[in-house]
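Remarks on the overall topology
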Amino acid sequence: MATPSGARGTARPATPHRHPRVLAGARVVLPTGTVPDGRVTVAGTRIAADAPPGAAQVIDVSGHWLVPGFVDLHNHGGGGASFTSGTVDEVLQGIHTHRLHGTTTLVASTVTGDMDFLAQRAGLLSELAEQGEIAGIHFEGPFISPCRKGAHSEELLRDPDPAEVRKLIDAARGTAKMVTLATELPGGIDSVRLLAEHGVIAAIGHTDATYEQTVEAIEAGATVATHLFNAMPALGHRAPGPIAALLEDERITVELINDGTHLHPASLQLAFRHAGADRVAFITDAMDAAGFGDGRYMLGPLEVEVAAGVARLVEGGSIAGSTLTQDRAFKRAVTVDGLSVEDAVAALSANPARLLGLDDTIGSLEPGKDADLVLLDADFELRGVMRRGEWVVDPQLG
Ligand SMILES: [Zn+2]
């Protein structure tokens, strides 16, 4: 296995900054548009309204883009660590690896496992959520379709029994954010209703549903498409399947894995044009190898070979998550997919923050919100990351 590329993820002590800091001169992407010679003032852990002249340390970030920290709804690990099986230290290392790539908020995803095991993981991850290290938990499986299982163990899959769904949310003690399920399976619609009643996002994915079955699940309260296009029937002209239903309904946010492997740029653009910039969330669906390197890994109980950054199951060759980081997804969006910087910010920050109900504290560079920001150079390479007022990646600009 390769050596870790990032530092250890243990929490660092917060160093209080006595004076506000002003990041000045960048192209600052705000909800209202991009300000060419903008300023963002950071006071303590938050973004502040502009400081009086002379009262602040001014950091010249001209020639850069300043965008909100990225928010990842769907992420299984990184830095050699798995959120499904790692120790607390390993999970923190995975979180830190993604912070080094601009993800200041992430929801930790599990893969299919035995119910008791998943409940136990929910306990561990919920503590990290309570400490503010993650925004919550996403259970991907076990309630998914054997026909569209991707990199999930078939023998552990089960129909979505509402009582079992309830068991997982209870084990997460208020920190369950999302459950991906194949809503066409027996118990699927009742499970969607249960999730909606408990304020947990019901995400349609790893599904073999028809168009009509998908519409029924949306009517029952599902609001997310788990990695649209991947692990679901393709769009057919007589059988449009889940993709058409998910794209056309304004209540649905569609997750897209923008790594160049999971989706052709034309498919990504089709989804973006159809759903509109406000309904797309770029996720990583990252596994342990993200920010780490090629080699052999475990995804839950399944063995994965990562070669040239592409993760595939050793048995069968299915794509098994990604090695994507959100800084790469951002760069790809604007340099390959032809999206505007503002649309990329929507898909990587604003939309996922809103979906999680966290848009009062994160997702945009506005006074009062957490000072979570990413500094990119003119070529969209990451140069700095600040989380809650502390540099995670210090651009060392003075
Ligand atoms: Zn996943």
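Described below are features of the structure shown in this document. Source: prediction; values computed, not measured.

**Quick look at the sheet that holds strand β17 (residues 302–307)**
- The antiparallel open sheet is built from three strands, whose spatial order is β16-β17-β18. Each end of this open sheet is capped by a strand with a single partner; those strands are β16 (295–299) and β18 (310–313). Going across the sheet, the axis of each strand differs from the next one's by a mean of 35°, ignoring polarity.
- For β16 and β17, the ladder comprises five bridges, and the chain directions are antiparallel. Looking at the pairing, Met298 lines up with Glu303 of β17.

**Some remarks on the nonpolar core**
- Core analysis: the biggest nonpolar cluster contains 89 residues, and Leu228, Phe282 and Phe330 have the highest contact counts within it.
- Considering every element that reaches this core, the biggest residue donor is helix α2 (residues 115–130), with seven residues.
- The residues touching Phe282, leaving out its near neighbours within four places in the chain, are Val71, Leu256, Asn258, Leu268, Phe272, Gln326, Ala333, Leu339, Ala347 and Leu348.
- Counting 15 residues, the second-largest nonpolar core is a separate cluster that includes Leu23, Ala26, Val28 and Ile59.

**Remarks on the coordination of the zinc ion**
- Around the zinc ion, the protein contributes the donor atoms His74 (NE2), His76 (NE2), Glu140 (OE) and Asp285 (OD), at 1.9 to 2.1 Å from the metal centre.
- Metal-centred angles of 85 to 165° between the four donor atoms at the zinc ion mark the site as irregular.

**A look at empty space enclosed by the protein**
- Following the criterion strictly, the structure yields two cavities of 30 Å³ or more and no others.
- Taken as a whole, the largest cavity holds about 50 Å³ of empty space.
- Lining the largest cavity are Pro68, Gly69, Val71, Thr104, Thr105, Thr361, Ile362, Gly363, Ser364, Asp370 and Asp372.
- Here the residues of the lining of the largest cavity are counted per class, giving three nonpolar, six polar and two charged.
- In this structure, the second largest cavity encloses a volume near 30 Å³.
- Together, Asp259, Thr261, His262, Gly309, Val310, Ala311, Ile319, Gly321 and Ser322 line the second largest cavity.
- Across the lining of the second largest cavity, the residue classes tally to three nonpolar, five polar and one charged.

**Observations regarding the packing of helix α1 (residues 88–99) against α2**
- With their axes 11 Å apart at the nearest point, α1 and α2 run at an angle of 55° to one another. By the criterion of interaxial angle, the relationship of α1 to α2 is oblique. The interaxial crossing formed by α1 with α2 has right-handed handedness. Here Val88, Val91 and Leu92 of α1 lie close against α2, whose contacting residues are Arg121, Leu124, Leu125 and Leu128.
- Class assignment for the residues of the contact of α1 with α2 results in six nonpolar, no polar and one charged.

**What about the packing of aromatic side chains?**
- Within the structure shown, the criterion is met by five aromatic pairs.
- With centroids separated by 6.3 Å and ring planes inclined at 75°, the aromatic side chains of Phe292 and Tyr297 adopt a geometry described as edge-to-face. Each of the two residues, Phe292 as well as Tyr297, counts as buried.
- An aromatic cluster is built from Trp65, Phe70, Phe330 and Phe380, whose rings are joined through pairwise contacts.

**Digging into helix α6 (residues 241–248)**
- Within α6, seven of the eight residues are buried, which leaves it mostly tucked inside the rest of the structure.
- Listed as buried for α6 are Gly241, Pro242, Ile243, Ala244, Ala245, Leu246 and Leu247.
- Looking at the buried positions of α6, the neighbouring elements they touch are β12 (201–204), α5 (211–220), β13 (224–225), β14 (253–257) and α7 (265–275).

**Observations regarding the sheet that holds strand β11 (residues 176–181)**
- Spatially, β6-β9-β10-β11-β12-β13-β14-β15 is the arrangement adopted by the eight strands of the open sheet, whose pairing is parallel. Among the strands making up the open sheet, the edge pair consists of β6 (70–75) and β15 (280–283).
- Where β6 lies against strand β9 (residues 103–110), four bridges are found, and the strand directions are parallel. Counted as the bridge partner of Val71 is Thr105 from β9.
- Strand contacts of α2: β9 and β10 (136–140), with the helix running at about 155° to β10, the strand carrying the most contacts.

**Concerning the side chain of Asp72**
- Within the element layout of this structure, Asp72 appears in strand β6.
- One buried charged residue, Asp72, remains without a salt bridge, the closest side chain of opposite sign being Arg328 at 11 Å.
- Within polar-contact distance, the side chain of Asp72 engages the side chain of Thr284 at 2.6 Å.

What counts as what
Residues numbered from 1 in each chain as written. Predicted model: local features only at pLDDT ≥ 70, side-chain atom pairs only at ≥ 80, totals over all residues. Heavy atoms only, no water. Pairing = 2+ DSSP bridges. Helix = DSSP H or I, 4+ residues; strand = E, 2+ residues; numbered from the N terminus. Axes fitted to C-alpha atoms, helices over the stretch in contact; angles between N-to-C directions. Core = buried A, V, L, I, M, F, W, Y, C linked by side-chain atoms within 4.5 Å. Buried < 20%, exposed > 50% of the residue type's maximum accessible area, 1.4 Å probe, protein only. Contact = heavy atoms within 4.5 Å. Donors = N, O, S within 2.8 Å, 3.2 Å for Na, K, Ca; no water. Tetrahedral: all angles 85-135°; square planar, octahedral: opposite > 155°, others 65-115°. 1 Å grid on protein atoms, 1.4 Å probe; cavity = no way out; pocket = protein on both sides within 12 Å on 5 of 7 lines; lining within 4 Å. Points joined across faces, edges and corners; volume = space filled by probe spheres on them. Nonpolar A, V, L, I, M, F, W, Y, C, P; charged D, E, K, R; others polar. Parallel < 35°, antiparallel > 145°, perpendicular 65-115°, else oblique. Left-handed = near helix turned anticlockwise from the far one by under 90°. Phe/Tyr/Trp six-rings, centres within 6.5 Å; stacked < 30°, edge-to-face > 60°. Lys, Arg positive; Asp, Glu negative; His and termini not counted. Salt bridge = Lys/Arg side-chain N within 4 Å of Asp/Glu carboxyl O. Polar contact = N/O pair within 3.5 Å; in protein donor to acceptor, adjacent residues only side chain to side chain.

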